Amino acid sequence: MATVCGAKNTSIKSDSKLNLDTDYAYSKWLAEEAIKRSNVKHAIMRIAGVFGRRGPYHLGINKAIDDALAGIPPIQHGDGGVKRNYIYVKDLAHIVKFCIENEIVGTHLIAGSRIDTVAEMLQTICDILLPGSRPERREGAKAYDQIIAHSEGLPRGRSFKEAIMDIKYNSKDISNKLSAAGR
């Protein structure tokens, strides 16, 4: 995870220094060190937040997506002005495949192709999955921007809007297949 450079680091680049300011970051760094010391050919990927349908809810955007698919407007905590460049899980899978097929080695940063505010992402979810709705706004704690500079030479992912459109299309496709199968 990119958080090995600091949980409150607003801009993480390939030359960012380590800042193991949480136990989670320290555990990620230990895993990286174990891989390096194994002397196996490897690619370490420091990844921004990963989103998609049924993704882990510790990344709130995943809950917002699943809620919207269930007809529930997402909740925006705070002003929504924090910036992120999360990566869509399908794009991450494509990058992993690319690294394997092209024998990419070293340490690389992986992030989405665009920087969006949380408010923009939540409104995009509403626009595509719940047309005519808006996120419900609630008070929230202070949050920090965190932008990850995607490593050069690796494929770029789609925009957040394109990813949500893909989720919508594939959710309908899955529902249609289940209906056809009598489930």
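Heads up: these notes are all about the structure in this document. If you're wondering where the values come from, they're calculated on a predicted model, not measured in any experiment.

### Some details on the packing of helix 2 (residues 60-69) against helix 4 (residues 118-129)
Two measures define how a pair of helices packs: the angle their axes make with one another and the distance between the axes.
Inference 1: It is the contact of helix 2 with helix 4, at a shortest axis distance of 10 Å, that shows an interaxial angle of 20 degrees. Judged on the interaxial angle alone, helix 4 and helix 2 are roughly parallel. The two elements helix 2 and helix 4 meet at a crossing, and its hand is right-handed. Only M121, L122, I125 and L129 of helix 4 make contact with helix 2, whose side of the interface consists of I61, A64, I65, A68 and L69.
Inference 2: Taken together, the residues of the contact of helix 2 with helix 4 break down into nine nonpolar, no polar and no charged.

### Quick look at helix 1 (residues 23-37)
Inference 1: For helix 1, with 15 residues, the first-to-last C-alpha span of 21 Å sits near the 21 Å given by 1.5 Å per residue.
Inference 2: All of the buried residues along helix 1 are A25, E32 and E33. Buried residues in helix 1, looked at end-on, bunch into an arc of 100 degrees, giving them a common side. Looking at helix 1, the residues exposed on the side facing more than 90 degrees away from the buried face are D23 and R37.
Inference 3: If you follow the buried residues of helix 1, they end up packed against strand 2 (43-47).
Inference 4: Phi turns positive one or two residues past the end of helix 1, at N39, with a value near 65 degrees.

### A few points about the side chain of Q76
Inference 1: By the secondary structure assignment, Q76 is in strand 4 (residues 75-77).
Inference 2: Relative accessible area serves as the criterion here: at 1%, Q76 is assigned to the buried category.
Inference 3: Within the structure, the side chain of Q76 is placed 3.1 Å from the backbone oxygen of D79, a separation counted as a polar contact.
Inference 4: Contacts of Q76, omitting those with residues within four sequence positions, involve A119, L122, P135, E136, R137 and R138.

### Observations regarding the packing of aromatic side chains
Two descriptors summarise a pair of aromatic rings, namely the distance from one centre to the other and the angle between the planes of the rings.
Inference 1: Here the structure, examined in full by the defined rule, presents three aromatic pairs.
Inference 2: With centroids separated by 4.9 Å and ring planes inclined at 45 degrees, the aromatic side chains of F51 and F160 adopt a geometry described as tilted. Here F160 lies in helix 5 (residues 160-180) and F51 lies in strand 3 (residues 50-51), a separation of 109 residues in the sequence. As far as burial versus exposure is concerned, F51 and F160 are alike and both buried.
Inference 3: Through a chain of ring-to-ring contacts, the aromatic side chains of F51, Y88 and F160 assemble into a single cluster.
Inference 4: Over the aromatic face of Y144 sits the side chain of K142, whose NZ or CZ is 5.6 Å from the ring centroid.

### Thoughts on the pattern of salt bridges
Inference 1: Under the defined criterion, the tally for this structure stands at 11 salt bridges.
Inference 2: One salt bridge in this structure joins E33 and R37, with 3.8 Å as the shortest N-O distance. Residue E33 and its partner R37 are both found in helix 1; the two are separated by four residues, about one turn of the helix.
Inference 3: When its relative accessible area of 17% is taken as the criterion, E33 is described as buried.
Inference 4: Residues K90 and D166 are paired through a salt bridge, measuring 2.9 Å at the closest nitrogen-oxygen approach. One end of the pair, K90, is in helix 3 (residues 89-101); the other, D166, is in helix 5, with 76 residues separating them in the sequence.
Inference 5: Of the residues examined, K90 reaches a relative accessible area of 37% and is grouped as partly exposed.
Inference 6: Counted as one network, the salt bridges with shared partners bring together K90, D91, R158 and D166.

Cut-offs applied
- Residues numbered from 1 in each chain as written.
- Predicted model: local features only at pLDDT ≥ 70, side-chain atom pairs only at ≥ 80, totals over all residues.
- Heavy atoms only, no water.
- Axes fitted to C-alpha atoms, helices over the stretch in contact; angles between N-to-C directions.
- Helix = DSSP H or I, 4+ residues; strand = E, 2+ residues; numbered from the N terminus.
- Parallel < 35°, antiparallel > 145°, perpendicular 65-115°, else oblique.
- Left-handed = near helix turned anticlockwise from the far one by under 90°.
- Contact = heavy atoms within 4.5 Å.
- Nonpolar A, V, L, I, M, F, W, Y, C, P; charged D, E, K, R; others polar.
- Expected span 1.5 Å × (residues − 1).
- Buried < 20%, exposed > 50% of the residue type's maximum accessible area, 1.4 Å probe, protein only.
- Arc of directions from axis to C-beta.
- Polar contact = N/O pair within 3.5 Å; in protein donor to acceptor, adjacent residues only side chain to side chain.
- Phe/Tyr/Trp six-rings, centres within 6.5 Å; stacked < 30°, edge-to-face > 60°.
- Lys NZ or Arg CZ within 6 Å of the ring centre and 35° of its normal.
- Salt bridge = Lys/Arg side-chain N within 4 Å of Asp/Glu carboxyl O.

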